[in-house]
Amino acid sequence: LLASPTVKETQPDPLPPFYSISCRVAVIGAGVSGLLAARELRREGHRVVVYERGNHVGGCWIYTPESESDPLGLDPERPAVHSSMYCSLRTNLPRKLMSFRDYPFVAEAVDWSVDPRAFPGHAEVLSYLKGFARDFAVEEMVRFDTEVVKVELLGGGGGEEHGGRWRVKSRKTTTTKTDGIDWSGGGEESDEVFDAVVVCNGHDTEPRIAECPGIQRWPGKQIHSHNYRTPEPFKDLVVVLIGYGTSSVDISLEIASISKEVHLAIRGPSKIAMHDQRHESRTQIKHAQEDGAIVFEDGTSIYADVILHCTGYKYHFPFLDMDEVVSVDDNRVGPLYKHVFSPILAPWLSFIGLLSKVVSFPLFQLQSKWVAGVLSGRISLPSVKEMMEDVDNFYAQLEAAGVPKRHTHTMLTSMFEYNDWLADQCGLPGMEEWEKMMLFASYESLITRPGTFRNEWKEDDLASKGYEDFVRSIS
Ligand code: FAD
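Note that the coordinates shown come from a computational prediction; the quantities given were computed from them, not determined experimentally.

All right, on to the pairing of strand β1 (residues 24–28) then. In terms of burial, β1 is a largely internal element, four of the five residues being buried. The pairing of β1 with strand β2 (residues 47–51) spans five bridges and is parallel. Its bridge partner being in β2, V25 is matched across the sheet by V48. Assessed by its sense of winding, the connection that carries the chain from β1 through helix α1 (residues 32–43) to β2 is right-handed. Of the strand pairs in this sheet, β1 and strand β9 (residues 196–199) are connected by four bridges, and their pairing is parallel. Looking at β9, one finds that V25 is bridged to A196.

Our focus in this paragraph is the pairing of β9. Side chains A196 and V198 project from β9 onto one buried face, and the interleaved V197 and V199 project onto a second face that is buried too. As paired strands, β9 and strand β22 (residues 349–351) are joined by three bridges and run parallel to one another. Looking across to β22, one finds that V199 is bridged to F351.

Taking 1.5 Å as the rise per residue, helix α7 (residues 414–425) with twelve residues should run 16 Å; its terminal C-alpha atoms sit 17 Å apart, in good agreement. M415, F416, Y418, N419, L422 and A423 are the residues of α7 that are buried. Contact partners of the buried residues in α7: α5 (360–376) and α8 (433–448). Taken from the residues just after α7, G427 is the one with a positive phi, measuring 70 degrees.

With that settled, consider the packing of aromatic side chains. Enumeration over the complete set of coordinates arrives at 22 aromatic pairs. Within the aromatic cluster, the residues linked to one another by ring pairs are W61, F100, Y103, F105, Y128, F132, F136 and F361. The ring of Y395 has R332 sitting right over it, with the charged end atom 3.7 Å from the ring centre. Between K338 and the ring centre of W421, over which it is positioned, the NZ or CZ distance is 4.8 Å.

Pairing within the open sheet is parallel, and its five strands lie in the order β3-β2-β1-β9-β22. Sheet topology places β3 (142–143) and β22 at the edges, where each strand pairs with a single neighbour. Alignment of β2 against β3, held across two bridges, turns out to be parallel. Looking across to β3, one finds that Y51 is bridged to R143.

With that settled, the discussion passes to the site of the ligand. Close contacts around the ligand come from 31 residues, with S33, E52, H82, N92 and S360 the closest. Between the ligand and V32, the relevant distance is 3.0 Å, taken from an oxygen atom to a main-chain nitrogen or oxygen of the residue. With respect to the ligand, the backbone of V148 contributes an N or O atom lying 2.9 Å from a nitrogen atom. Taken by itself the ligand offers 990 Å² of open surface, and the protein chains cover 94% of this. Of all the secondary-structure elements, those providing two or more residues to the shell around the ligand are α1, β4 (146–153) and α5. Across the shell around the ligand, the residue classes tally to 14 nonpolar, 13 polar and four charged.

Spatially, the five strands line up as an open sheet ordered β11-β18-β12-β13-β14, and their pairing is parallel. Strand pairing shows two members of the sheet lacking a second neighbour, β11 (221–224) and β14 (279–282), which therefore form its edges. On average, adjacent strands in this sheet sit at an angle of 20 degrees to one another, irrespective of strand direction. Pairing between β11 and strand β18 (residues 306–309): four bridges, direction parallel. Of the residues in β18, the one forming a bridge with I223 is L308.

Procedures and definitions
All residue numbers refer to position in the chain's written sequence, counted from 1. For a predicted model such as this one, the threshold for reporting local features is a pLDDT of at least 70, and the threshold for listing and counting side-chain atom pairs is 80 or more; totals across whole chains, interfaces and linings nevertheless cover every residue. Processing note: side-chain calculations cover all non-hydrogen atoms of the structure and skip hydrogens and water entirely. The rule is simple: take the accessible area with a 1.4 Å probe, protein chains only, and divide by the maximum for that residue type; under 20% is buried, over 50% is exposed, in between is partly exposed. Labels follow the DSSP assignment, with helices taken as runs of H or I lasting at least four residues and strands as runs of E lasting at least two, numbered in each case from the N terminus. Strands pair, by our definition, only if DSSP identifies at least two bridges between them. Handedness of a crossover is defined as follows: orient the strands so they point away from the viewer, and if the path from the first strand over the helix to the second runs clockwise, the crossover is right-handed. Multiplying 1.5 Å by the residue count of a helix minus one yields the expected span of that helix. Whether two residues are in contact is decided by their heavy atoms, any of which lying within 4.5 Å being enough. Put simply, two rings from Phe, Tyr or Trp (the six-membered ring, in Trp's case) pair if the centres are within 6.5 Å, and we call them stacked under 30 degrees between planes, edge-to-face over 60, tilted for the rest. Criterion for a charge above a ring: Lys NZ or Arg CZ within 6 Å of the ring centre, and within 35 degrees of the ring normal. If a single non-hydrogen atom of a residue is within 4 Å of a molecule or strand, that residue counts as near it. Between N or O atoms, a polar contact is any pair within 3.5 Å; within protein, one atom must be a potential hydrogen donor and the other a potential acceptor, and residues adjacent in sequence are included only when both atoms are from side chains. Residue burial considers only the protein chains on display, and all accessible areas are found by Shrake-Rupley using a 1.4 Å probe. Put simply, Ala, Val, Leu, Ile, Met, Phe, Trp, Tyr, Cys and Pro go in the nonpolar bin, Asp, Glu, Lys and Arg in the charged bin, and everything else, Gly too, in the polar bin. Only the stretch in contact is used when a helix axis is fitted, and all axes are lines through C-alpha atoms; the angle between N-to-C directions ranges over 0 to 180 degrees.

In structure tokens form, the structure reads like this:
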């Protein structure tokens, strides 16, 4: 591994650039998005309060062995466990692609607890985020154990000094379990008023379940990957796993080492090469039967013990009751200009971190810089009409390309253009060529060698290019 600059060598938070407006801003959540938002907002001269219902920073990277009592996570009243991390989880991107633009994600070899691998485990990511929060004094802005329960616009919007004021209602939560994020609500409530609200509450907590005919009466056990932690409960069982993301591939490989059989029910042709005998790719489920059989689209069937839904998550904003302004429709959060600003309430209501299948850490940092710059008046937005037109055009493009509504915020390669557009708004350089190459290389190795690619990863040339770019950017 190259001797990259360490965290300690990075610059402290520089003085804010010129700004004209200092807003009081509420940030909801202290995961990656909330930490970045808080730091960038303060850098720009805003006054920030971060509400976090757990008692640590790090959001979904805080692994807990606890899972929810309802294995499908359908009961809206259940005590929610925020994180969907499983015990063995390693990043699906090389750490160099997960670095914030000015805070490298490198292993500090002096510390025995460090996980120096190119694709580290979840604990290493959490320690990176904690280091970031510590080094930029973000924690001092966070109100821990405080859940936002309602966000409402005061006075019907408009008319106030900066176009709107928000009442943010919160309540104290009681952290009850091991490592912080589990909570049970019901504590003391309070209200506070802000100029702007930045929503950073994450989107990997509310399970989406596959709907197949007969599944309600199917007698086996069903669980969503949100509640998957370790493979042991699947020992000697026949498991049907629905879904085809990185987590489903990881989990299916892990379960295959202990279960009797694993069947991956996949929409469309399987692209990922599976080499395990007990691992079979199937077509989608056609229906499930009361006698325990599962029938696939191609007419084959099996008797299974467990259905594991690796079918992703739903956006969920229980504290926002503003359907006329922004709503969730078939997992599309909208209308939002460039996935961030509500056109009608811009810049006073924004969302960071909604995107998936992106290089999320540096991209969410750009979104944060954009929001901070727009709030201070340093960066301008188009008119409401122009923003709405942009949103309509984007939806029309998705429809013309046959992209289902529920994938509105899923990007893959369209991320490059989006990233560079955001960077340009912020006056920063776009994505480097080595980053694109590294991303393609990691996708390619995931598809061709899903079980081994993390350990076989060779960065060499790509990494030295990345190192040179980084050194150039801080010198
Ligand atoms: P979160 O990390 O979910 O943080 C949201 C925070 O908001 C939480 O701390 C929560 O407690 C708080 N919160 C929620 N509601 C409220 C409320 N009402 N009041 C107060 N606080 C609230 N990305 C990668 O880049 N690489 C990977 O390898 C990778 N692997 C992943 C593996 C899994 C299993 C999952 C689920 C995701 C993975 N991701 C990965 C994506 C990951 O979600 C993002 O990288 C990123 O961490 C999301 O950060 P966030 O801050 O937007 O949300």
